[in-house]
Amino acid sequence: MSAADKVKPAASPAAQEPSAIAGNISYHAQYSPHFSPLAFGPEQAFYATAESVRDHLLQRWNDTYLHFHKTDPKQTYYLSMEYLQGRALTNAVGNLGITGAYADALKKFGYELEAIAGQERDAALGNGGLGRLASCFLDSMATLNLPSWGYGLRYRYGLFKQRIAQEGQEEIAEDWLDKFSPWEIVRHDVVYPIRFFGHVEISPDGKRKWAGGEVLSALAYDVPIPGYKTKNAISLRLWDAKATAEDFNLFQFNDGQYESAAQLHSRAQQICAVLYPGDATEEGKLLRLKQQYFLCSASLQDIIFRFKERKSDRVSGKWSEFPSKVAVQMNDTHPTLAIPELMRLLMDVEGLGWDEAWDVTNKTVAYTNHTVLPEALEKWSQAVMRKLLPRHMEIIEEIDKRFREMVISTRKDMEGKIESMRVLDNNPEKPVVRMANLCVVAGHTVNGVAELHSNILKEELFADYLSIWPKKFQNKTNGITPRRWLRFCNPELSEIVTKWLKTDQWTSNLDLLTGLRKFADDEKLHAEWAAAKLASKKRLAKHVLDVTGVTIDPNSLFDIQIKRIHEYKRQLMNILGAVYRYKKLKEMSAADRQKVTPRTVMVGGKAFATYTNAKRIVKLVNDVGAVVNNDADVNKYLKVVFIPNYNVSVAEVLIPGSELSQHISTAGMEASGTSNMKFSLNGCVIIGTLDGANVEIREEVGQDNFFLFGAKADQVAGLRKDRENGLFKPDPRFEEAKQFIRSGAFGTYDYTPLLDSLEGNTGFGRGDYFLVGYDFPSYIDAQARVDEAYKDKKKWIKMSILNTAGSGKFSSDRTIDQYAKEIWGISACPVP
Ligand code: OAK
């Protein structure tokens, strides 16, 4: 008899008492069995527990849907190609307020809730910041009771798993659906046709219509998103692609032609097979465009269906009401096809004229920009677009034409700028559609994600449009959910915060954290704060030991940089700094070493599979670690660790245990950053440049509690020019660090090309485009200030407290409230 059999199984869904919950877990173990009946190990316990929690979520989800249906409020639809949800169990029971009851219930089977929660795989349907932001936003939308949904794709393989081998990073497919996801609910009745290829037909009355090609189906999977302390639960609707039985050629199959018999089925499977298929080949590009269209078309058909369903008396004559019921937010340009798709559905299916359809579309869609890096600004080949989506290409051409005419007829002064502002770039070598321009032209609002970034959009990237539409551009500084990123991932610190603020309301009103400021010098708080930090550092050290075999000292300064590996984020500067530190330690006398602040430098992050320099950086961090950590002369004072397979749940262990974190991008290049907010919230001090949201974090926590260095955004262009003109004089410390690596101190791997990217005078990726050399001396000086500050324990803890106290602004509840009021025009709709 398994452990689950010993507790009386009970179907009672949404049970509240530990014994009833245990019965419900047991019920799921036995009556929705996914495993053979005798086993009830931690994995089985996780699935049965998750299914039991899902009962709670389903009830709330149904109530919320019904309530929205009845009250018919204006609703937001967040379209995103990426969501980095991470694990869901701890978050779900936490938001529902049933953590204790589930912990007690699991004890009846001999399990700890934390250990069972650790069984869950991360849902990693995103690459980095943009995807994680989308997930934080969903949590806030649900918590604020906003009528809203997320739409995305149900990738079979999410972001790859990273393994560190002799040669550096290896990528392994991440099979998050290997068993199944207990959170998703397949909606067999929510299916829409999605066409690709084909041609445009013109009827005798001149109406245009897309026909032919191949038609697949989009099938909905809903992931319920519970709000914190509310009855509302919203939905993340993920689309999967399907072909039908009719598409299966039985005749061919019986004739032994197995592959051609199931051709469409196999093409359907490709669509949601992987997150971000490599786009080096034409096939890869086409597949990515198919994914984007698949998301947009399925979501808009669903939105229109719901719009019609909610008021049966709405007829096509009342389409002008659509923008008062629907807001569509495009998460960067990946869902730009929502624009021509909405136009097509309104004109070709619903029968509206151009002007009316354009008015509706413009009032409905809004665009968030998440990067100014030129290589990330999407441009699609006109030829590929015309082949895959011929009707959309016609619509885009018409948008481009009308935009041009509008500028020519109303703004003579802008004539010289038109070509670069147009949606189409008709360069005969490579004609493309500029997706960001399409979003700016068609959307009612364009926003950046931090003050500095939004200003760069207005003053540089989109400056020409600003004079045409001065009111279109806004800022919405990013935020993070305080539930996942403090309350649940750092229970020790959370308890202290609650105790000193005498309320746990900060969890949904983060501004209350400023109340900690008045205790910043209190010795009792200091003692508790330090103890909580130490406990988190020990947990972190255990993780490091488990995954790398390296022992780190919880009494050393824990210095962390975790994010995607990218040259602009300058992990290379971090490791050069560590190399310099190591060299100086080696040169010191043993007596001098004892005065040094011991440090553990941790770096984690994934490099895009084809990004060579990023992969070299990963290899370098590992090679430096291998030497430093085994050097008995100095490894009491310095360790360098690469944390493999950085993901959401690893972040939940690392961030609470951090004391210093590095946000050191070249100024002007990081749109916002959001891990900076998570660190600061958890009482970690930042060393950083004036970039992205660092600027605002520093304002909020106070400049004494932030280690600033480096060039400012408005200096960067001039510094690059200076360099081209041979005016850059490298600091000897920079030369020394590079030379030490070149000397082979860290093994035989050839780091010449990586180091050469920091030399020379010109060109992207050469000539030190990211200004590591320029910023290095001020970075090393700032690190020396960190070492000094850490020696004064009282001072450090005060800085830590003031970081937490100053983090209120960075709640995604604040961000989403601003989106709701200033972009979407929606208001709360709580289930009574
Ligand atoms: C990814 C693909 C295309 C365009 C942007 C991204 C992206 O992840 N951008 C990141 O978005 C985050 C959320 O706004 C920001 O915090 C990061 O700075 C930005 O790089």
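Residues numbered from 1 in each chain as written. Predicted model: local features only at pLDDT ≥ 70, side-chain atom pairs only at ≥ 80, totals over all residues. Heavy atoms only, no water.

### Quick word on the sheet that holds strand β24 (residues 706-708)
And step 1. The 6 strands are arranged β21-β20-β19-β22-β23-β24 in an open sheet whose pairing can be described as parallel. Sheet topology places β21 (638-643) and β24 at the edges, where each strand pairs with a single neighbour. Sheet twist, expressed as the mean angle between neighbouring strand axes with direction ignored, is 20 degrees.
And step 2. Note: strand β22 (residues 660-663) against strand β23 (residues 685-688), 4 bridges, orientation parallel. Note that in β23 the partner of His663 across the bridge is Gly688. (Pairing = 2+ DSSP bridges. Helix = DSSP H or I, 4+ residues; strand = E, 2+ residues; numbered from the N terminus. Axes fitted to C-alpha atoms, helices over the stretch in contact; angles between N-to-C directions.)

### Brief notes about the UniProt feature "modified residue: N6-(pyridoxal phosphate)lysine" (unreviewed entry) in the protein
And step 1. Feature annotation in UniProt places "modified residue: N6-(pyridoxal phosphate)lysine" (unreviewed entry) on Lys678, given in this structure's numbering.
And step 2. Among the secondary structure elements, Lys678 is positioned in helix α27 (residues 675-681).
And step 3. Judged by its relative accessible area of 6%, Lys678 falls in the buried class.
And step 4. Apart from the residues lying within four places of it in its own chain, the contact partners of Lys678 are Arg132, Ile480, Trp485 and Ile655. (UniProt positions renumbered as here; feature names shortened; annotations may be inferred. Buried < 20%, exposed > 50% of the residue type's maximum accessible area, 1.4 Å probe, protein only. Contact = heavy atoms within 4.5 Å.)

### Overview of the layout of surface pockets
And step 1. Roughly 1,400 Å³ of volume is contained in the second largest pocket.
And step 2. Lining of the second largest pocket is provided by 43 residues; of these, Arg87, Glu114, Gly118, Glu652 and Val653 occupy positions nearest its centre.
And step 3. Those elements that place two or more of their residues in the lining of the second largest pocket are α4 (89-96), α5 (99-107), α6 (113-117), β5 (161-165), α20 (482-488), α21 (491-501), α22 (523-548) and α26 (648-654).
And step 4. At 6 residues, α4 tops the list of elements feeding residues into the lining of the second largest pocket.
And step 5. Grouping the amino acids of the lining of the second largest pocket by side-chain chemistry returns 14 nonpolar, 12 polar and 17 charged.
And step 6. Structurally, the lining of the second largest pocket is a two-domain feature, drawing no fewer than three residues from each of domain 1 (63-394 + 439-477) and domain 2 (537-817). (1 Å grid on protein atoms, 1.4 Å probe; cavity = no way out; pocket = protein on both sides within 12 Å on 5 of 7 lines; lining within 4 Å. Points joined across faces, edges and corners; volume = space filled by probe spheres on them. Nonpolar A, V, L, I, M, F, W, Y, C, P; charged D, E, K, R; others polar. Domains from an automatic or database assignment.)

### Quick notes on helix α12 (residues 338-349)
And step 1. Extensive coverage of α12 is indicated by the burial of 11 of its 12 residues.
And step 2. Residues of α12 that are buried include every one of Ala338, Ile339, Pro340, Glu341, Leu342, Met343, Arg344, Leu345, Leu346, Met347 and Asp348, and no others.
And step 3. Within two residues after α12, Gly351 carries a phi angle of roughly 85 degrees, on the positive side.

### Focus on the pairing of β5
And step 1. Where β5 and strand β6 (residues 168-172) come together, 5 bridges link them in antiparallel fashion. Residue pairing for β6: Lys161 is matched across the bridge by Ile172.
And step 2. Hairpin connection of β5 to β6: 2 residues between the antiparallel strands.

### A short note on the sheet that holds strand β14 (residues 379-381)
And step 1. Strand order in this open sheet of 3 strands is β14-β16-β15, and the pairing throughout is antiparallel. Each end of this open sheet is capped by a strand with a single partner; those strands are β14 and β15 (424-425).
And step 2. The pairing of β14 with strand β16 (residues 432-434) spans 3 bridges and is classified as antiparallel. Looking across to β16, one finds that Trp380 is bridged to Val433.

### What about the nonpolar core?
Side chains of nonpolar character tend, in soluble globular proteins, to be buried together.
And step 1. Residues Trp239, Phe294, Met385 and Trp824 are the most contacted members of the largest nonpolar core, which totals 201 residues.
And step 2. Top element by residues in this core is helix α11 (residues 282-310). It accounts for 11 residues.
And step 3. Looking at which domains feed residues into this core, each of domain 1 (63-394 + 439-477) and domain 2 (537-817) gives three or more.
And step 4. Filtering out sequence-adjacent residues up to four positions away, Phe294 remains in contact with Leu153, Ile194, Phe196, Ser217, Ala218, Trp239, Asp240, Ala241, Ile271 and Cys272.
And step 5. Membership of the second largest hydrophobic core comes to 53 residues, among which are Ala578, Val618, Leu660 and Val786. (Core = buried A, V, L, I, M, F, W, Y, C linked by side-chain atoms within 4.5 Å.)

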